[in-house]
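# Structure at a glance
The primary structure of each chain is shown beneath.
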Amino acid sequence: MLNVIIGTQWGDEGKGKITDFYAKKADVVVRFQGGNNAGHTVIVGEKVYKFHIIPSGSVEEKILILGNGVVVDPKILLEEIEALENEGKTVSLYISERANVIMPYHKIEDEIYEELKGNLKAGTTKRGIGPCYADKIARFGIRFADLIDDEVFREKLSIILPMKNKIFKTFGKDPLDYNQVHEEYFKYGKIFKEYVADTSLLLNKFLNEGKNVLMEGAQGTHLDIDHGIYPYTTSSHTVAGGASIGAGIPPQKIGKILGVVKAYTSRVGTGPVPTELKDKTGEHLRERGKEYGTTTGRPRRCGWLDLVMVKYTHRINGLTGIALTKLDVLCELEKVKAATAYEYNGKKIEEFPANMKVLSKCKPVYKEFEGWGEFDKEKIKKEGYKGLPEQARKYVGFISSFIGVPISLVSYGPKRSETILLEELF
Ligand code: GDP
Ligand code: IMO
Ligand code: MG
């Protein structure tokens, strides 16, 4: 069976925690898109793991796959593997021979374009993600198959690097030295040779053997290159369909699609956020929710839950379940709100607009809920969902009925134990 976990908002919904939680019953955990722009947190006891490129199933020592849709910075990957191994973890990792390599020039290009893009700037993580995907689409990316074959790697680098150096000259940046780049990446090629495989073949074989495969999405639907708030998006397909393309598995093999919904909104980077709160409540959400970027440390912009966005997410992804996270962060508030529509030019609109000018003028129409005070965690542990205060259950129930998707899990703290499981994934 193959199930997919995706972010339904702007990323940082808690996908790392949810992937780790469901990974227990999986045999294989796969990243199918994005790169080390992701920052996925898994907390086990006192130990806090922050994964950028390695799948979160690594804590449970599952078979790990980086699919063809991923872009990989080999230096970061190596650091993450070493950190896990130093802790005594076994890392059984396969990297798709078709996955693209993030090269040093991609990171420089990311800086250059962000500086020049003015209002079109997405506030990227500057990890070279966009330029790496751009080269892939323009067909001069370096793939893992190339990296591990020095003859091919040398030939490609000798064509690509002079092109990049011409760009750098235009922008007043120092050129990169061929030998230096080759020496460093030749070393990565040697190290990763044993990890590189036809991961689509492997995955399809695992599925035929009856193994449980969990696909770990990165970012969120509203950061998707096509379906997100373009141009304030990332450069990959963060939606469930991306799992098929990014891992080389037929779409009909996808079973459940679990959408991770944070009980409020957060956004790192630029672009319109209709429910953003620039007041004390927004600050409260940021502080109590510890909303600072896992990758860049940037403060996240916070606001009320936007159900117009999540409803759109369901339309694109066909969610079969919702994992609702960070419900505890709303506990101290007297009133809790969720947007159910927007008002634009005096008219009520219920569908998420594609036009940025329209979106930036949309005012949320809110449904208001009474607050519920602090959770009695012992009661929740004993009674499960029924142990939540009635007002909190009203909020959760409304989300489920508004979107039309059942709640599979409620998370009320960062730890594994702070989880109410309503539906198993496998
Ligand atoms: P991801 O990118 O979707 O994996 O999410 P991040 O790891 O970037 O951000 C989620 C943050 O919220 C992490 O610090 C998690 O440890 C934390 N977290 C996850 N679930 C909960 C929850 O239910 N309550 C609280 N308070 N924190 C949570
Ligand atoms: P996880 O997987 C939140 C945002 C950046 C920027 C835009 C483009 O942890 O949820 P990029 O570096 O990808 O070119 O940046 O996307 N962004 C994220 N925001 N969580 C993430 O990942 C993100 N990955 C990228 O802030 O606005
Ligand atoms: Mg994150």
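Residues numbered from 1 in each chain as written. Chains lettered and ligands numbered in written order. Predicted model: local features only at pLDDT ≥ 70, side-chain atom pairs only at ≥ 80, totals over all residues. Heavy atoms only, no water.

### Some words on the side chain of Ser244
With respect to the element layout, Ser244 can be found in helix α9 (residues 241-247). Judged by its relative accessible area of 13%, Ser244 is buried. The contacts of Ser244, once residues within four sequence positions are left out, are Ile249, Pro250, Pro251 and Ile254. (Helix = DSSP H or I, 4+ residues; strand = E, 2+ residues; numbered from the N terminus. Buried < 20%, exposed > 50% of the residue type's maximum accessible area, 1.4 Å probe, protein only. Contact = heavy atoms within 4.5 Å.)

### Topic: the site of ligand 2
In the region of ligand 2, 21 residues are neighbours, and Lys15, His40, Ala122, Thr125 and Thr234 sit closest. Side-chain polar atom of Arg298 to an oxygen atom of ligand 2: 3.1 Å apart, as the coordinates give it. In isolation ligand 2 offers 550 Å² of accessible surface; the protein chains occlude 98% of this area. Of the residues contributing to the shell around ligand 2, the split by class is six nonpolar, 11 polar and four charged. Built from parts of two domains, the shell around ligand 2 gets at least three residues from each of domain 1 (2-88 + 199-421) and domain 2 (100-192). (Near = heavy atom within 4 Å. Polar contact = N/O pair within 3.5 Å; in protein donor to acceptor, adjacent residues only side chain to side chain. Areas by Shrake-Rupley, 256 points an atom, 1.4 Å probe, with all protein chains shown as cover. Nonpolar A, V, L, I, M, F, W, Y, C, P; charged D, E, K, R; others polar. Domains from an automatic or database assignment.)

### Overview of the coordination of the magnesium ion (ligand 3)
Put simply, a metal with four donors set out as a tetrahedron has ideal angles of 109.5 degrees, and one with six donors set out as an octahedron has ideal angles of 90 or 180 degrees. The magnesium ion (ligand 3) binds to the protein through Asp12 (OD) and Gly39 (O), with metal-donor distances spanning 2.0 to 2.2 Å. Remark: Gly39 occurs in the loop between β2 (28-31) and β3 (40-44) and Asp12 occurs in the loop between β1 (2-7) and α1 (15-23); sequence separation between them is 27 residues. When its relative accessible area of 11% is taken as the criterion, Gly39 is described as buried. (Donors = N, O, S within 2.8 Å, 3.2 Å for Na, K, Ca; no water.)

### Comments concerning the packing of aromatic side chains
Taken as a whole and assessed by the stated rule, the structure comprises 13 aromatic pairs. Ring plane angle 85 degrees and centroid distance 5.1 Å describe the contact between Phe369 and Tyr395, whose orientation is recorded as edge-to-face. Note that Phe369 is positioned in strand β18 (residues 363-370) and Tyr395 in helix α14 (residues 390-403), a separation of 26 residues in sequence. Its relative accessible area of 0% is what places Tyr395 among the buried residues. Put simply, the rings of Phe369, Trp372, Tyr395, Phe398 and Phe402 touch in pairs and so form one group of aromatic residues. Sitting over the ring of Phe369, Lys367 keeps its end group 5.5 Å from the ring centre. In this structure, Lys367 is placed above the aromatic ring of Phe398, and the distance from its NZ or CZ to the ring centre is 5.2 Å. (Phe/Tyr/Trp six-rings, centres within 6.5 Å; stacked < 30°, edge-to-face > 60°. Lys NZ or Arg CZ within 6 Å of the ring centre and 35° of its normal.)

### Brief notes about the packing of helix α6 (residues 150-170) against helix α7 (residues 178-192)
Close contact between α6 and α7 brings their axes to 11 Å; oriented N to C, the two are set at 145 degrees. Taken as a pair, α6 and α7 cross one another with a handedness that is right-handed. Judged by residue contacts, Asp150, Phe153, Arg154, Leu157, Ser158 and Leu161 of α6 engage Tyr178, Val181, His182, Tyr185 and Phe186 from α7. The class makeup of the residues in the contact of α6 with α7 is seven nonpolar, two polar and two charged. (Axes fitted to C-alpha atoms, helices over the stretch in contact; angles between N-to-C directions. Left-handed = near helix turned anticlockwise from the far one by under 90°.)

### Let's talk about the nonpolar core
If you look at the biggest cluster of nonpolar residues, it comprises 57 residues, and the most contacted ones within it are Met215, Leu327, Leu330, Trp372, Phe375 and Tyr395. In this structure, Tyr49, Ile53, Leu84 and Leu258 belong to the second largest nonpolar core, which totals 49 residues. (Core = buried A, V, L, I, M, F, W, Y, C linked by side-chain atoms within 4.5 Å.)

### Focus: the side chain of Ser411
Residue placement: Ser411 occurs in strand β19 (residues 407-411). Sequence-distant contacts of Ser411, defined by excluding residues within four places in its chain, comprise Lys17, Leu324, Thr325, Lys326, Leu327, Asp328, Glu418 and Thr419.

### A few points about the state of the cysteines
One pass over the full model with this rule turns up zero disulfides. The thiol sulfur of Cys302 is not disulfide-bonded, and the nearest other cysteine sulfur, from Cys331, lies at 16 Å. Residue classification places Cys302 among the buried residues on the basis of a relative accessible area of 0%. (Disulfide = S-S within 2.5 Å.)

### What about the domain arrangement of the protein chain?
Note: interface size is frequently given as the accessible area lost on complex formation between the parts. Taken domain by domain, the protein chain comprises domain 1 (2-88 + 199-421) and domain 2 (100-192). Computed over C-alpha atoms, the centres of domain 1 and domain 2 are 30 Å apart. Each partner contributes residues to the interface: domain 1 has 27 residues there, and domain 2 has 23 residues. For the pairing of domain 1 and domain 2, the buried interface totals around 1,900 Å² over both sides, and the portion due to carbon and sulfur atoms is 61%. (Buried area = accessible area lost by both parts, 1.4 Å probe.)

### Brief notes about the site of ligand 1
The environment of ligand 1 is formed by 19 residues, the closest being Lys15, Gly16, Thr41, Asp328 and Ser411. One of the side-chain nitrogen or oxygen atoms of Thr294 is found 2.8 Å away from an oxygen atom of ligand 1. The contact in question runs from an oxygen atom of ligand 1 to an N or O atom on the backbone of Gly413, over 3.1 Å. Taking 590 Å² as the accessible area of ligand 1 by itself, protein coverage stands at 92%. Counting only elements with at least two residues in the shell around ligand 1, the list comes to α1 and β3. Residue composition of the shell around ligand 1, by class: four nonpolar, eight polar and seven charged.

### Some remarks on the sheet that holds strand β5 (residues 63-66)
Spatially, the 10 strands line up as an open sheet ordered β9-β7-β5-β2-β10-β1-β11-β15-β19-β20, and their pairing is mixed. Either end of the sheet is taken by a strand with one partner, and the two such strands are β9 (196-197) and β20 (419-421). (Pairing = 2+ DSSP bridges.)

### Observations regarding the pattern of salt bridges
For the structure shown, the criterion picks out 29 salt bridges. Between Asp135 and Lys164 there is a salt bridge, with the nearest N and O atoms lying 2.9 Å from each other. Taken together, the positions of Asp135 in helix α4 (residues 129-138) and Lys164 in helix α6 put the pair 29 residues apart, joining distant regions of the chain. The class of Lys164 is buried, set by a relative accessible area of 2%. Of the charged contacts, one joins Glu291 and Arg300 as a salt bridge, the two residues approaching to 2.7 Å between their closest N and O atoms. The same class applies to Glu291 and to Arg300, which are both buried. Linked by salt bridges that have partners in common, Asp12, Lys262, Glu291, Arg300 and Lys326 make up one network. (Salt bridge = Lys/Arg side-chain N within 4 Å of Asp/Glu carboxyl O.)

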